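So you can see what is in the structure, the chains are spelled out below.
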Amino acid sequence: MKLSVSSEEEREAIAQLEEAIAADHVTPERLRMSPRIFEKDDDLNGHMDFVAAASSLRARMYSIEVADRLKTKRIAGKIIPAIATATAAVAGLVSLELVKVVGGYGFESFNNCFFNLAIPVMVLTEAAPVKRTQIREDISFSIWDRWTVWGDQHFSLSDFIKAVLVNYGIEPTMVVHGVKMLYVPVMPGHNKRLKLTMQKLIKPSVDRRYVDLTVSFAPESDGDEDLPGPPLGTTSAPTETLTAPDTPGP
């Protein structure tokens with residue numbers, strides 16, 4: 001994609017970034033970084049364009065009211081002292097870790113940082129691998145995982161359970177929506193729910209597009225507690241499909 005740029009410096013910076021991305025790894029010769037002084041009143045430097053775009057993206061992600069460019073510019077003018085202190089430190093530390101990601105560095109190179117500029121103190125710690133919960137010998141999940149199941153308006157509870165079994169190799173023994181137990185085999189009458197559609201069981205509101213479900217699985221040995229699973233979500237989309245966000249499975 002070709003970008004329209006307003007200066008030779010910006011064209012050169014974009015060329016360096018494109019070259020670095022195309023390369024197998026990043027070296028100081030391929031990518032050079034230099035500090036820039038934030039200037040909100042210069043419309044040619046692109047600073048406010050970046051801040052406004054990043055602000056709008058964050059607002060949409062967290063369902064926050066989006067601020068227009070003028071309001072963003074007024075707010076930026078009031079927080080310049082903060083940008084020059086803690087925010088600048090955070091941005092610099094994050095940029096260092098981002099260079100490691102782009103450069104293909106090993107996991108042992110990444111760090112967490114805890115700092116307090118008032119004391120001042122800065123402590124770097126090694127990042128730990130994400131903890132995974134084992135369900136079966138070859139099936140595990142982390143807090144970042146979300147399993148996906150697809151269906152339509154006729155998708156029943158039985159279809160849901162079969163889909164989880166086919167896609168992930170393990171059959172749910174309990175399905176819960178919030179505090180409501182949708183399916184617990186030992187509960188009277190719950191086996192009759194297998195023929196009911198998921199939409200009838202969940203009863204989402206008209207404007208509700210996403211619902212989280214909690215699932216559990218049978219233990220490998222009798223007498224053990226049921227094994228927890230990752231979140232399984234459903235959405236009621238305009239196309240009458242049931243789905244969940246795409247994230248890694250087992």
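Everything in this summary refers to the structure shown in the same document.

Cut-offs used in this document
- Counting restarts for each chain, with residues numbered from 1 along the sequence as it is written.
- Local features in this predicted model are restricted to residues of pLDDT 70 or higher, and side-chain atom pairs are both shown and tallied only at a pLDDT of 80 or more, whereas totals for entire chains, interfaces and linings draw on every residue.
- Side-chain figures throughout are based on the complete set of non-hydrogen atoms in the structure, without hydrogens or water.
- The secondary structure listing takes helices from DSSP runs of H or I that are at least 4 residues long and strands from runs of E that are at least 2 residues long, numbered from the N terminus.
- Burial classification: accessible surface area is computed with a 1.4 Å probe over protein chains only, and a residue below 20% of its type maximum counts as buried, one above 50% as exposed, and the rest as partly exposed.
- Under the convention used here, a 1.4 Å probe and the Shrake-Rupley method define accessible areas, while residue burial counts only the protein chains that appear.
- Here the expected length of a helix is defined as 1.5 Å per residue gap, with one fewer gap than residues.
- As used here, the arc is the angular range of directions from the helix axis to the C-beta atoms.
- Two residues qualify as a contact provided that any one of their heavy atoms is within 4.5 Å of a heavy atom in the partner residue.
- In what follows, salt bridge is the name for a side-chain nitrogen of Lys or Arg lying within 4 Å of a carboxyl oxygen of Asp or Glu.
- Each patch is assembled from residues with relative accessible area greater than 30% and no salt bridge, linking like charges that lie within 9 Å and nonpolar side chains (Val, Leu, Ile, Met, Phe, Trp, Tyr) that lie within 5 Å.
- Each axis is a line fitted through C-alpha atoms, and for a helix only the stretch in contact is used; angles between axes span 0 to 180 degrees, taken between their N-to-C directions.
- Should an angle fall under 35 degrees it is called roughly parallel, over 145 degrees roughly antiparallel, and 65 to 115 degrees roughly perpendicular, with every other angle called oblique.
- Here is the rule: rings of Phe, Tyr and Trp (six-membered ring for Trp) pair when centre to centre is within 6.5 Å. Planes less than 30 degrees apart are stacked, more than 60 are edge-to-face, and the remainder are tilted.

A few points about the overall build of the protein chain
Broken down by element type, the protein chain carries 7 helices and 11 strands. Put simply, the protein chain has 250 residues, and 27% of those count as buried. Of the accessible surface of the protein chain, which amounts to about 17,500 Å², a share of 59% is contributed by carbon and sulfur atoms.

Points about helix α2 (residues 47-61)
Residues that lie three or four places apart on an α-helix share one face, since the helix turns once every 3.6 residues. The end-to-end C-alpha separation of α2 is 21 Å, in line with the 21 Å expected for 15 residues at 1.5 Å each. Here α2 has its buried residues at H47, M48, A52 and A59. Considered in projection along α2, the buried side chains sweep an arc of 120° and stay on one side of the axis. The exposed residues of α2 that point more than 90 degrees off its buried face are F50, L57, R60 and M61. For α2, the secondary structure elements touched by its buried residues are α3 (69-78). S63 lies just past α2 and shows a positive phi near 55°.

Remarks on the pattern of salt bridges
Considering all chains together, one arrives at 8 salt bridges under this definition. K73 is paired through a salt bridge with D43; the nearest N and O atoms lie 3.9 Å apart. Here K73 is found in helix α3, whereas its partner D43 is found in the loop between α1 (8-22) and α2, with 30 residues between them in sequence. The class for D43 is partly exposed, based on a relative accessible area of 47%. Between D212 and R146 there is a salt bridge, with the nearest N and O atoms lying 2.7 Å from each other. Taken together, the positions of D212 in strand β8 (residues 211-217) and R146 in the loop between β4 (139-141) and β5 (151-152) put the pair 66 residues apart, joining distant regions of the chain. Several salt bridges share partner residues, and in doing so they unite K40, D41, D43, D49, R69 and K73 into one network.

Remarks on a nonpolar patch on the surface
Residues F114, I119, V121 and V123 make up a contiguous nonpolar surface patch of about 380 Å² in total accessible area. Looking at where V123 falls in the secondary structure, it is placed in strand β2 (residues 121-126). Of the residues examined, V123 reaches a relative accessible area of 40% and is grouped as partly exposed.

Digging into the side chain of K73
Classification of K73 as buried rests on a relative accessible area of 18%. Residues in contact with K73, not counting those within four places in the same chain, are K40, D41, D43 and M48.

Details of the packing of α2 against α3
Closest axis-to-axis distance for the α2/α3 pair is 10 Å, and the angle between their directions is 105°. Judged by the angle between their axes, α2 and α3 are roughly perpendicular. Across the interface between the two elements, M48, D49, V51, A52 and S55 from α2 touch R69, T72, K73 and A76 from α3.

Let's talk about unusual backbone geometry
Leaving glycine out, the prevailing phi sign among residues is negative, and the prevailing peptide bond configuration is trans. Even without being a glycine, S63 presents a positive backbone phi close to 55°. Looking at the secondary structure, you find S63 in the loop between α2 and α3.

Looking at the packing of aromatic side chains
Under the criterion given, the structure shown has 2 aromatic pairs. Note on W147 and Y168: the rings are 4.3 Å apart at their centroids and 10° apart in plane angle, and the pair reads as stacked. Of the two residues, W147 sits in the loop between β4 and β5 while Y168 sits in helix α6 (residues 157-168), which places them 21 residues apart along the sequence. Relative accessible area serves as the criterion here: at 12%, Y168 is assigned to the buried category. Ring geometry for W147 versus F217: centroids 5.9 Å apart, planes at 45°, classification tilted. Note that W147 is positioned in the loop between β4 and β5 and F217 in strand β8, a separation of 70 residues in sequence. Neither W147 nor F217 differs from the other in exposure class; each is buried.

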